[in-house]
Amino acid sequence: MSTKAKILSIFITLGITLACAVRQVAPPTPASENLPPTVIVVITNTPDVTPTASIPALPGSVIYDDGENILSIDPNTGISKVLLSRTELETALAKDRSAESYTYGAKTPFAIKLSPDQSKALITICSDLDARYRCLFSDHVYTLDTGASVKLPVPPDAYGVYWQWSPDGSKLAGAAWSYNRALYYPIAFFAVDNDGANLNLLDAVVNDRWQFAWSPAGGAIHPFSYMMNFKSVFADKSKPQDVSIAGLDGNDAIECLAFSPDGAKVAFSVRRNTPKDHEWVYLANSDFTEATQLTEYDIDSRYFCKVNWSPNGQFVHMRYEYDNRAETGEDPTGSEPRADKLINVETSSLLETPKSLPACGWTPDSNLIYETKTHDGGIQVLTPGTNTPVELPAGLSSTVLHCPLSWATE
């Protein structure tokens, strides 16, 4: 073998030896289950997703009278809780004889008025009848959490009293009424503590004008009357104080009034002999100073009125309806629609309201509640001024079929 051939043979043998050595010392390939997971990150531009529109949660609870019960309804779920049952109250307090009476001629749900803090209820029942089958009413103050009740005293010769709660719920005041043979007439104003004590005769009813309003402090009432007789009458029988309002005539008749939610202002309406079917609405400080006219408009003089302030104090809703008191002997047809006026207090402007929908109250966030005129009934909520619909939860829409008593903030 030549020298070159020997050298080539040596290199080949050495290469084979090194290759074998490398294969022998190389570590074994790990099993696939012991390998760490592979993470692949892909970065992309994700488009914004538009959230599904939802109805915002509505605050408070709706207080509703379904004819059988007074209910507290959660506006967001429609779940209701019975606050007062007429069946249970009739069993506990007095049998309702309205179905036997000439006054009503049929059974009618007896009146229930909750106190401002909703802890008590004034319950008025046709508990007895006179010789002409007219109702003699009994009034009871019922405490919701304990079920305790007291019967309010009845003023002498009275058939009933139009009691109203004081702002703090500690007292009630109202005009007592009776009959002179067949003629209905109001007698005088009285006040009483909510436990039935201290029945006080306050003042005679003047010109059959039995309506009144409590002052914000709760110590006085303001009976509606002609300006020549307008005064503050105190529940503790202190001497009444005359109230004069600059710019008004003595023959101007105050039809309705209410104090603002903060008690700083008062809104009231006035009617005059001429023109007959016309009304003027005024705004004043709570002591009736600095009265200024907000607006005026034509209105059927047979309508009673009620002033409803919005919770934020920016609007005044004037609600009008015919007298529907059965005891007066009037025969309301029930065919006349209620009338409504809406006033922006800040601008003194009269705002448009839907002519086919009667307004009946406010939501806690100062939107107006209207009754619908569908066969099944129901309510609708609109923003004041623009009349933009506010969507209601399905639970509330299917539960509340007519105007609620109130929409409480808590």
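So, a few notes on the structure that sits alongside this text. (Residues numbered from 1 in each chain as written. Predicted model: local features only at pLDDT ≥ 70, side-chain atom pairs only at ≥ 80, totals over all residues. Heavy atoms only, no water.)

1. Points about the sheet that holds strand E5 (residues 120-129)
Reading across the sheet, the 4 strands line up as E4-E5-E6-E7 and stay open at both edges, with antiparallel pairing between neighbours. A strand with exactly one partner marks an edge of an open sheet, and here the two such strands are strand E4 (111-114) and strand E7 (149-151). Across the sheet, the mean angle separating the axes of adjacent strands is 25° when strand polarity is ignored. Examined bridge by bridge, strand E6 (residues 135-143) and E7 share 3 bridges and lie antiparallel to one another. Each residue of the ladder has a partner; that of His140, found in E7, is Lys151. (Pairing = 2+ DSSP bridges. Helix = DSSP H or I, 4+ residues; strand = E, 2+ residues; numbered from the N terminus. Axes fitted to C-alpha atoms, helices over the stretch in contact; angles between N-to-C directions.)

2. Focus on the state of the cysteines
Structurally, a disulfide amounts to a covalent bond that connects the sulfur atoms of two cysteines. Tallied over the entire structure, the rule returns 3 disulfides. The disulfide partner of Cys126 is Cys135, and the S-S distance across this bridge is 2.1 Å. Disulfide Cys126-Cys135: the torsion about the S-S bond is -90°, which places it as left-handed. Residue Cys126 is classed as buried on the basis of its relative accessible area, which comes to 2%. What pairs with Cys360 in a disulfide is Cys403, and their sulfur atoms sit 2.1 Å apart. Torsion about the S-S bond of the Cys360 and Cys403 cystine: about -100°, corresponding to left-handed handedness. (Disulfide = S-S within 2.5 Å. Buried < 20%, exposed > 50% of the residue type's maximum accessible area, 1.4 Å probe, protein only.)

Keep in mind these numbers describe shape, not what the thing actually does.
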